[in-house]
Structure formats: C-alpha cells, structure tokens
Amino acid sequence: MKKQALSQVQLSALVWAGGLAPAAELLPAAALSAGRGAWLAPLAALPLAVLSVWLLTRLAGDEGLARGILGGLGPWLGRGVLFLYMMWALGLLTLRLRLCAGRMLSSGYRDGALPYFLLAAAGVVFWLAGGSLAAFARAGQMFLTVLAVTGGAILLLSLPQVRIIRLLPLWREDVGPIFRGGLAAAGVLGWR
C-alpha cells in the first residue's frame, strides 16, 4: 500500500478545525474570569502560545516532533514522554467525545440514553478514521471553511451591538484578571 502524506495546508486545516471546537466551547467560560477586559484574554495568552509553538518547533528540529523528542531526550526517556503525551491526547479525545455525545443528547432529547449517543459519535469517528487520509484531510479543510465562514458571519452580525463603553476604559485593577483569563485561554489553546 502506498504511503499517504498530508500537505502542510491540509495539516494546518486539520489542526485549526480540531482546535476550534474546544475553543468555541471553553473560551467564553475562561474569559469570564477576566472581567471587563475579557476580550483581551486571548491576546494575553498569545505570548504563551507563541512560546509553546517555538519550543515544540525547536524540539522537533528537521526530523519531526516524535523523532526530535526521541533524539533529544534519549530512547527510553523519549519513549516515556511520547507515551505520556499519547495517553494524555487519548484522554482529551475521550473527554471531547463524551462532551459531544452529551451535547447531542441535550440538543435533541428524545428519551435516549447517553451510551447510545456516545456509540453513535464513536461510530462516526471510527468511520472517518477508516477512510483514506486524503479524504479525511479534504473533509477537515471543508469543515474549517464552514467554521471560519460561520464564525466570521457571527462576528460581522454582532458588531452593530458592540458598545465601546463596555470595552473601554480599562484601569490598573483590570490587568490582573485579564492575565488570569489569559492563562485560562492559553490552556484552551493547548488542546491543539
């Protein structure tokens, strides 16, 4: 069987589409701790996000992240770190699947039980995983386009309701909550 590879654009589209779901769900609650400057919390998270991307890129080097970790940390410690990372990712994916099944149950409650919705969501995930990598990447690009267009439309339609007095002025006492909200936003961005 011929080895399939993703282009950089397809990989970026999959990462962004995968990161938008937890961001859309968790960022509003994370920004609540920022108080009046909640709209600045994602900007306060930007330095942490840039630092983490820089560290991961530096660790990955030319051979990729997994081989970079194995080469940089040694074979045993590197495998241990990769195993912990994979188990953490599996736990996060399990949590995401449970939250999606709960959302399906609450949005269309018809005397169903959560295990049935969980099995349906898991079946869709396994069906997508069983297909070709190229089709999965194209679906990811399509989902990202739909999410970006929808998010842009929501932003444009909500701009007339923005009141500048609610956004500004910010005072010294607003800076601490903004940075606390930035830490929460950085945690949300860490799902990717």
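Here the structure is a predicted model, which is why all the values come from computation and not from measurement.

Rules and cut-offs
Residues numbered from 1 in each chain as written. Predicted model: local features only at pLDDT ≥ 70, side-chain atom pairs only at ≥ 80, totals over all residues. Heavy atoms only, no water. Helix = DSSP H or I, 4+ residues; strand = E, 2+ residues; numbered from the N terminus. Buried < 20%, exposed > 50% of the residue type's maximum accessible area, 1.4 Å probe, protein only. Contact = heavy atoms within 4.5 Å. Areas by Shrake-Rupley, 256 points an atom, 1.4 Å probe, with all protein chains shown as cover. Expected span 1.5 Å × (residues − 1). pLDDT = per-residue confidence, 0-100.

Undergrad: Looking at this structure, I do not really get the overall build of the protein chain. What am I missing?
TA: If you tally the helices and strands in the protein chain, you get 8 helices and 0 strands. Beginning at the N terminus, the succession of helices and strands in the protein chain can be written as α-α-α-α-α-α-α-α. Across the 192 residues in the protein chain, those meeting the buried criterion constitute 21%. Within the protein chain, counting contacts between residues at least 6 apart in sequence, those at least 24 apart form 73% of the total. In the structure as shown, the protein chain presents an accessible area of about 14100 Å², 72% of it carried by carbon and sulfur atoms.

Undergrad: How do you make sense of helix 6 (residues 133-158) when you look at a structure like this?
TA: Helical geometry: 3.6 residues make up each α-helical turn, so side chains three or four residues apart lie on a common side. Counted at 1.5 Å a residue, the expected span for helix 6 with its 26 residues is 38 Å, and the 37 Å between its end C-alpha atoms agrees. Turning to helix 6, its buried residues number three or more, namely Ala137, Ala139 and Gly140.

Undergrad: Explain the confidence of the model for the protein chain to me, please; I cannot follow it from the model alone.
TA: Parts of the model with low pLDDT should not have their predicted coordinates read in detail. Per-residue confidence for the protein chain averages 76 on the pLDDT scale, and 82% of its residues sit at or above 70. Within the protein chain, the lowest mean pLDDT, 65, falls on helix 3 (residues 65-73), and the highest, 86, falls on helix 6.

Undergrad: How should the environment of Ala120 be read in this particular structure?
TA: Position of Ala120 among the secondary structure elements: in helix 5 (residues 114-130). Taking the relative accessible area as the measure of exposure, Ala120 reaches 38% and is therefore partly exposed. When the C-alpha atoms of Ala120 and Ala101 are compared, they prove to be 8.2 Å apart, with 19 residues separating the residues in sequence.

Undergrad: So what exactly am I meant to see when it comes to the environment of Val175 here?
TA: Topologically, Val175 is positioned in helix 8 (residues 175-189). A relative accessible area of 40% means that Val175 is categorised as partly exposed. Put simply, Val175 and Ala34 are 141 residues apart on the chain and 8.5 Å apart in space, counted from C-alpha to C-alpha.

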